[in-house]
Amino acid sequence: MSLTNDNYIVANRYRNLFDIMLDAVIVAMAVAGHENIPVVVAETGWPCYDSNNEVEAREVYAKMYLQGLVNHVRSGKGTPLKREGATEVYVYELFDRNDTGSESLGWQNWGFCYLNMSLKFDIDFSNGGGSMLMEEGVKMVTMCLMILVLYTF
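The structure displayed is predicted, hence computed values, not measured ones.

Definitions and limits used
Residues numbered from 1 in each chain as written. Predicted model: local features only at pLDDT ≥ 70, side-chain atom pairs only at ≥ 80, totals over all residues. Heavy atoms only, no water. Helix = DSSP H or I, 4+ residues; strand = E, 2+ residues; numbered from the N terminus. Buried < 20%, exposed > 50% of the residue type's maximum accessible area, 1.4 Å probe, protein only. Contact = heavy atoms within 4.5 Å. Areas by Shrake-Rupley, 256 points an atom, 1.4 Å probe, with all protein chains shown as cover. Phe/Tyr/Trp six-rings, centres within 6.5 Å; stacked < 30°, edge-to-face > 60°. Salt bridge = Lys/Arg side-chain N within 4 Å of Asp/Glu carboxyl O. Core = buried A, V, L, I, M, F, W, Y, C linked by side-chain atoms within 4.5 Å. 1 Å grid on protein atoms, 1.4 Å probe; cavity = no way out; pocket = protein on both sides within 12 Å on 5 of 7 lines; lining within 4 Å. Points joined across faces, edges and corners; volume = space filled by probe spheres on them. Nonpolar A, V, L, I, M, F, W, Y, C, P; charged D, E, K, R; others polar. Disulfide = S-S within 2.5 Å.

### Comments concerning the overall build of the protein chain
Each helix and strand counted, the protein chain has three helices and four strands in total. Looking at the protein chain as a whole, 29% of its 153 residues are labelled buried. The contacts in the protein chain between residues at least 6 apart in sequence include a share of 53% that link residues at least 24 apart. Only carbon and sulfur atoms are counted for the fraction: they give 58% of the accessible area of the protein chain, which is about 10,500 Å².

### Regarding the packing of aromatic side chains
What the rule picks out here adds up to two aromatic pairs. Ring centres 5.6 Å apart and planes at 70° place the aromatic pair Y92 and W110 in the edge-to-face group. Placement of the pair is Y92 in the loop between β3 (88-91) and β4 (108-109) and W110 in the loop between β4 and α3 (134-152), with a sequence separation of 18 residues. For Y92, a relative accessible area of 23% puts it in the partly exposed group. The partly exposed category is assigned to W110, whose relative accessible area is 22%.

### What to know about the pattern of salt bridges
By the definition in use, this model includes two salt bridges. A salt bridge links E84 to K82; the nearest nitrogen and oxygen atoms lie 3.2 Å apart. Owing to a relative accessible area of 56%, E84 belongs among the exposed residues under this scheme. For K82, a relative accessible area of 13% gives the class buried.

### Quick word on the nonpolar core
The biggest cluster of nonpolar side chains holds 17 residues, and the ones touching the most others in it are F18, L22, L66, F112 and F121. Of all the elements, helix α2 (residues 59-75) adds the most residues to this core, at five residues.

### Digging into the environment of V39
Locating V39 in the fold gives a position in the loop between α1 (17-31) and β1 (40-44). Judged by relative accessible area, V39 falls into the buried class, the value being 7%. On a C-alpha basis, the gap between V39 and V25 in space is 8.5 Å, while along the polypeptide they are 14 residues apart. Setting aside chain neighbours within four positions, we find V39 in contact with L22, I26, M29, K82, A86, T87 and E88.

### Points about the layout of surface pockets
Rolled over the atoms, a probe sized like a water molecule indicates the empty space that remains. Of the voids in this model, the second largest pocket is the one considered here, and its volume is about 370 Å³. L17, F18, M21, T44 and Y65 are, among the 18 residues lining the second largest pocket, the residues nearest its centre. Listed by contribution, the elements that provide at least two residues to the lining of the second largest pocket are α1, β1 and α2.

### Some words on empty space enclosed by the protein
Under the defined criterion, the tally for this structure stands at one cavity of 30 Å³ or more. I26, M29, H34, E35, I37, V39 and K82 are the residues that line the largest cavity. Considering only residue class, the lining of the largest cavity consists of four nonpolar, one polar and two charged.

### Some details on the state of the cysteines
Inspection of every chain in the model, using the stated rule, returns zero disulfides. Of all cysteine sulfurs in the structure, the one in C113 sits closest to C48, which takes part in no disulfide; the separation is 9.7 Å. Residue C48 is classed as buried on the basis of its relative accessible area, which comes to 7%.

Below, the structure written as structure tokens:
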């Protein structure tokens, strides 16, 4: 059955907001006639800090979200409408920014590493098998960034 069929009734149960948002994009693309385009999630994450003391912007929630995201993506289960899930998923942001802005306007830190490149918390990227903690991943990303910076100069 086509996603654009007016009689299509969604009887799916969603277990997380990520899948709901991804399927919303998939349906919108199908309505526009682009059903077979791969979906890339360019930015997803959870704030670790908010200058206005937003209750939900805490490291514990960021760790829960990111670990849940990694587990979900690694599981290969996808969404109710797109069983293979997103083609690629990128986390926003790796490092906190040093741009505090105006306290009255509020600002958030989304990184899971501090500015000094130390980890705020570990994220296990393994799929139940080997062990690749976030620290190893950050070391690889940091090395890639350093090579990129050296290459551009």
